[in-house]
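# A structural walkthrough
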Amino acid sequence: MNRTLLLVLLFLVLGGTAWYALSNKKKQTNSHVSWDMDFAVKNTDEIGKIFIADRKGNTSTFEQKNKLWYYNDKYPASPSAMGILLETISKVNVLNIPPNSAVPLMIKELAADGIKVEIYDLAGKALKTYYVGGVTIDERGTVLMMDGAEQPYVVHLPGFVGQIRMRFQLSEDEWRDKAVFNEKPEEIQSVFVEYPQRKNESFRLEKTGSALYDVQPFFNTTTKMTTPRRKGVVEAYLVQFDRLVAEAFETQNPLRDSVKALVPFAIVTVKKTDGAEKKVRFWPVEIENRRDDGRPFVSRYFIDVDNKDFMLTQDRVFGVLFRGYEFFYEGIPEKKRLRN
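This section reports on the structure supplied with the text. (Residues numbered from 1 in each chain as written. Predicted model: local features only at pLDDT ≥ 70, side-chain atom pairs only at ≥ 80, totals over all residues. Heavy atoms only, no water.)

## Here we look at the overall build of the chain
Scanning the chain from terminus to terminus reveals seven helices and 19 strands. In the chain, which comprises 340 residues, the proportion classed as buried is 40%. Considering only intrachain contacts with a sequence separation of at least 6, the fraction spanning at least 24 residues in the chain is 58%. Of the roughly 20300 Å² of accessible surface on the chain, 52% is carried by carbon and sulfur atoms. (Helix = DSSP H or I, 4+ residues; strand = E, 2+ residues; numbered from the N terminus. Buried < 20%, exposed > 50% of the residue type's maximum accessible area, 1.4 Å probe, protein only. Contact = heavy atoms within 4.5 Å. Areas by Shrake-Rupley, 256 points an atom, 1.4 Å probe, with all protein chains shown as cover.)

## Section: the side chain of Asp-36
Here Asp-36 lies in the loop between helix H1 (2-30) and strand E1 (47-53). As a buried residue without a salt bridge, Asp-36 has its nearest oppositely charged side chain in Lys-128, at a separation of 10 Å. Within the structure, the side chain of Asp-36 is placed 3.0 Å from the side chain of Tyr-153, a separation counted as a polar contact. (Lys, Arg positive; Asp, Glu negative; His and termini not counted. Salt bridge = Lys/Arg side-chain N within 4 Å of Asp/Glu carboxyl O. Polar contact = N/O pair within 3.5 Å; in protein donor to acceptor, adjacent residues only side chain to side chain.)

## Topic: the sheet that holds strand E13 (residues 212-217)
In space, the eight strands of this open sheet follow the order E13-E12-E11-E16-E17-E18-E19-E15, with antiparallel pairing throughout. The sheet terminates laterally at E13 and strand E15 (248-249), the two strands that pair on one side only. Taken together, the four bridges between strand E11 (residues 188-194) and strand E12 (residues 203-209) define a ladder with antiparallel strand orientation. Across the sheet, residue Ser-190 finds its bridge partner in E12, namely Glu-206. (Pairing = 2+ DSSP bridges.)

## Brief notes about the pattern of salt bridges
Taken as a whole and assessed by the stated rule, the structure comprises 15 salt bridges. As a salt-bridge pair, Arg-165 and Asp-113 come within 3.1 Å of each other at their nearest N and O atoms. Here Arg-165 is found in the loop between strand E9 (153-156) and helix H4 (172-175), whereas its partner Asp-113 is found in helix H3 (residues 103-113), with 52 residues between them in sequence. Judged by its relative accessible area of 10%, Arg-165 falls in the buried class.

## Remarks on H3
Buried within H3 we find Val-103, Met-106 and Leu-110. Viewed end-on, H3 has its buried residues packed into an arc of 60°, placing them on one side of the element. Structural note: H3 exposes Pro-104, Leu-105, Lys-108, Ala-111 and Ala-112 on the side pointing more than 90 degrees away from its buried face. Against strand E7 (126-135), strand E8 (142-146) and E9 lie the buried residues of H3. (Arc of directions from axis to C-beta.)

## Examining the packing of aromatic side chains
What the rule picks out here adds up to 21 aromatic pairs. Their ring planes at 80° and their centres at 5.2 Å tell us that Phe-181 and Phe-241 sit as a pair that is edge-to-face. Of this pair, Phe-181 sits in strand E10 (residues 179-181) while Phe-241 sits in the loop between helix H5 (233-239) and strand E14 (244-245), and the two are 60 residues apart along the sequence. Of the two residues, Phe-181 and Phe-241, both sit in the buried class. (Phe/Tyr/Trp six-rings, centres within 6.5 Å; stacked < 30°, edge-to-face > 60°.)

## Notes on the pairing of E12
Here six bridges tie E12 to E13, and the two strands are oriented antiparallel to one another. Following the sheet pairing, Phe-203 is matched in E13 by Pro-217. Connecting E12 to the antiparallel partner E13 that follows it, the hairpin turn spans two residues, and Ala-211 within it adopts a positive phi of roughly 60°.

## Overview of the sheet that holds strand E4 (residues 75-76)
Spatially, the nine strands line up as an open sheet ordered E4-E3-E2-E1-E6-E7-E8-E9-E5, and their pairing is antiparallel. On the outer flanks of this sheet lie E4 and strand E5 (93-96), each paired with one strand and no other. Bridging between strand E2 (residues 59-65) and strand E3 (residues 68-71) involves four bridges; their strand directions are antiparallel. Its bridge partner lying in E3, Glu-63 is registered against Tyr-70. Strand contacts of helix H2 (residues 79-91): E1, E2, E3, E5, strand E6 (115-121), E7 and E9, with the helix running at about 95° to E1, the strand carrying the most contacts. (Axes fitted to C-alpha atoms, helices over the stretch in contact; angles between N-to-C directions.)

## Here we look at the pairing of strand E16 (residues 266-272)
Counting buried positions over the seven residues of E16 gives five, a clear majority of the element. Looking at chain direction, E11 and E16 are connected through six bridges and run antiparallel. Residue pairing across strands places Ser-190 opposite Lys-271, the latter belonging to E16. Pairing of E16 with strand E17 (residues 277-289), which is carried by six bridges, proceeds in the antiparallel orientation. Opposite Ala-266, over in E17, you have Phe-282 as the bridge partner. Connecting the antiparallel pair E16 and E17 is a turn made up of four residues, with Gly-275 showing a positive phi of about 95°.

Structure below.
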């Protein structure tokens, strides 16, 4: 009796072990993703270049240099736009396999309006190449097809509801970084701030030595201050140039030429220790009333950067730059130190 019971127990243990092994193997086999549906590059740190092209001839190239992304080998890329693009590339996942009846139309639409995406590693080796097609009727999925494959798939981003095609199809102004000033204080050689209509408040701030600065009137007709300079104010002012970002590019704004023909409110010129220089002109464009006393103030400015880029900025971001010459010296009432 004991021998029979022992044999039964042994049979159950061996049978259970065999079932577990077969079941686990089956799960591993079923979880395998074939090459034509493996779209994600999970480790975006290994990506060195991304090339995107549509059927209309528009192309965008992003390259990583010293851990920074550049757009079309000309402009710094927008950190937010690149973050969204890299997130999409790393998390894109197959949602479902479309029915055979839908495949011919999907392939036809990909051929007519697909977006080609090429992804390379830091050494220039191709990692993925696929085509981004249209969206599903419920707009929850997007059609993707691997280069060289015959089967398209409907993909999505886990946790995100919506189509992902637009994440690959931004305009140049949307891909570009909107930072106007992005300077390290220790790398600034001089800052000239000119107010054409209030010349006495214009000033020149220049580096004269290691952590030593001098502040002088911009125009010779302005009387020089004789009181001591406020300690730490120059250093605090230079810190403000560490990433000031515009609200938007206004490249196609029809008012661009007429605005640039006007006398600007302020002209801010920053020269770095390596000789690089940037000049930004500001024109008031939007006026609001203060909540506390109802007095009007400029809330937005159009700006021109080096006579190339035309942008829209907010006073709450750039207002910290609009100081007057007297601001840097002692003995001046607080209300006269601010220009906002």
